[in-house]
Amino acid sequence: MNLLKGRYPLAVAIGAVFGALSRFYGTEFAKAIFGKDFGFYGTFFINVTGCLLIAYILTLAVENIRIISTELRLMTTTGFCGAYTTFSTYGLESKGFLDKGDITMLLIYFVGSAIAGMIGIQIGVLLARSSVQRS
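Residues numbered from 1 in each chain as written. Predicted model: local features only at pLDDT ≥ 70, side-chain atom pairs only at ≥ 80, totals over all residues. Heavy atoms only, no water.

Draft legend 1. Focus on the environment of Ile33. Locating Ile33 in the fold gives a position in helix α1 (residues 7–34). For the pair Ile33 and Arg129, spaced 96 residues apart in the sequence, the C-alpha separation amounts to 32 Å. (Helix = DSSP H or I, 4+ residues; strand = E, 2+ residues; numbered from the N terminus.)

Structure below.
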């Protein structure tokens, strides 16, 4: 498997460092402007810009508008956007169902991900709280 060798993992790792740092500083910037109770503005901005960026890059690459090397594509999409926000991938995959006209799968995936994510959050909170001994 060629993707496991050479420059590809390094490209993803480099992009991920910058994506994670961008997410961190973007959220902190929003908190500094709007207050810590409004940090979700940063998350919202990051999610939307991540969707815009991954769609832009993959459209350039897939539609041959620009020649983008595999390493650069992996660095920017899987690495940067993946660390910046997984919401960008969620948006892109949802668009794929829409483009195929598969409205049933679009609704199951789009709504199901949000609901399952919230359930996962609740379960994680309950598990964490139940594993802590209170003093």
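This is not the end of the story, as more comes after the structure.
Draft legend 2. Representation of a nonpolar patch on the surface. A contiguous nonpolar surface patch, about 830 Å² in accessible area, is contributed by Leu98, Ile103, Leu107, Phe110, Val111, Ile115, Ile119, Ile123 and Leu127. A per-element tally of the nonpolar patch places helix α5 (residues 103–131) first, with 8 residues. Relative to the elements of secondary structure, Leu127 occurs in helix α5. A relative accessible area of 54% places Leu127 in the exposed class. (Patch = residues over 30% accessible without salt bridge, like charges linked within 9 Å, V, L, I, M, F, W, Y side chains within 5 Å. Areas by Shrake-Rupley, 256 points an atom, 1.4 Å probe, with all protein chains shown as cover. Salt bridge = Lys/Arg side-chain N within 4 Å of Asp/Glu carboxyl O. Buried < 20%, exposed > 50% of the residue type's maximum accessible area, 1.4 Å probe, protein only.)

Draft legend 3. Here's a closer look at the packing of aromatic side chains. Counted by the stated rule, this structure contains 7 aromatic pairs. With a centroid separation of 4.8 Å and an interplanar angle of 75°, the aromatic rings of Phe34 and Tyr41 are classed as edge-to-face. Of the residues examined, Phe34 reaches a relative accessible area of 45% and is grouped as partly exposed. An aromatic cluster is built from Phe87, Tyr90, Phe97, Tyr109 and Phe110, whose rings are joined through pairwise contacts. (Phe/Tyr/Trp six-rings, centres within 6.5 Å; stacked < 30°, edge-to-face > 60°.)

Purely geometric numbers; function is a separate question.
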